[in-house]
Amino acid sequence: MPYLKLNTNLSVDNAKSPQLLSQLSQLVAAETGKPERYVLVELNTDKWMVFAGSNAPLAYLECKSIGLSARQAKSLSAALSRQLETDLAIPADRIYIEFSNCPAEFWGWNGSTFG
């Protein structure tokens with residue numbers, strides 16, 4: 001049920017993408033306490049993006065999950081920023097993350113919803 005969408009203006013080598021996706025999936029599962037089998041991560045690269053008037057390396061992420069708390073969002077923000085700084089050399093001050101706590105009845109899976 002956790003969903004992480006990463007948009008960046010950087011190119012990510014096709015050989016590196018699976019490893020990055022796997023690392024992000026494991027990170028989201030650990031930080032939310034949800035089984036990784038429910039985690040979905042999407043990677044969108046080579047986007048035309050400008051932040052603070054500059055097209056220097058940047059990222060915009062959307063993180064949605066059922067039961068996401070403010071504490072988890074803060075912890076995820078730090079962990080995701082560290083991961084992107086390490087893997088893609090994107091400084092933390094060039095990363096925006098939008099967090100959403102989705103009600104279970106509005107999250108569909110396997111032909112039904114969780115609520």
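Caption draft 1: Broad picture of the overall build of the chain. Summing up its helical and strand segments, the chain has two helices and six strands in all. In sequence order, the secondary structure elements of the chain are arranged as β-α-β-β-α-β-β-β. By the compact-globule yardstick of 13 Å for 115 residues, the chain fits well, its C-alpha radius of gyration being 14 Å. Along the longest, intermediate and shortest principal axes, the C-alpha atoms of the chain span 40 × 30 × 25 Å. The buried share of the chain, taken over its 115 residues, is 42%. Across the chain, the fraction of contacts at a sequence separation of at least 24, relative to all contacts at a separation of at least 6, is 76%. Each charge class in the chain was averaged separately, 10 positive and 11 negative side chains, and the resulting centres sit 4 Å apart.

Caption draft 2: Structural detail: unusual backbone geometry. Even without glycine at this site, D46 takes up a positive phi of about 55 degrees. Positive phi, normally seen in glycine, also occurs at A89, with a value near 60 degrees. For A89, the location among the structural elements is in the loop between α2 (70-88) and β4 (95-101). On the basis of relative accessibility, which here comes to 55%, the residue A89 falls in the exposed class.

Caption draft 3: View of the sheet that holds strand β3 (residues 59-65). The four strands are arranged β2-β1-β3-β4 in an open sheet whose pairing can be described as mixed. Of all the strands in the sheet, just β2 (40-44) and β4 have a single pairing partner and so form its edges. The mean angle between the axes of side-by-side strands here comes to 10 degrees, regardless of whether they run parallel or antiparallel. Pairing analysis gives seven bridges linking β3 to β4, with the strands arranged parallel.

The rules behind these values
- Position numbers for residues start from 1 in each chain and track the written sequence from start to end.
- Only residues with pLDDT of at least 70 get local features here, since the model is predicted, and only at 80 or more are side-chain atom pairs given and counted; chain-wide, interface and lining totals rely on the full set of residues.
- No hydrogens and no water enter the side-chain calculation; it runs on all heavy atoms of the structure.
- Strands here are runs of E lasting at least two residues and helices are runs of H or I lasting at least four, both read from the DSSP assignment and numbered beginning at the N terminus.
- Only C-alpha atoms enter the radius of gyration; for comparison, a globular chain is expected to reach 2.2 Å times N to the power 0.38, where N is the number of residues.
- With a 1.4 Å probe rolled over the protein chains alone, any residue whose accessible area is under 20% of its type maximum counts as buried; one over 50% counts as exposed, and the rest are partly exposed.
- The contact criterion used is simple: two residues touch if any of their non-hydrogen atoms lie within 4.5 Å.
- Working convention for charge: Lys and Arg count positive, Asp and Glu count negative, and His plus the chain ends are omitted.
- Every charge is mapped onto a representative atom, which is NZ of Lys, CZ of Arg, CG of Asp or CD of Glu.
- Here, a strand pair is defined by DSSP locating no fewer than two bridges between the strands.
- The angle between two axes is taken between their N-to-C directions and runs from 0 to 180 degrees, where each axis is a line fitted to C-alpha atoms and a helix contributes only its stretch in contact.

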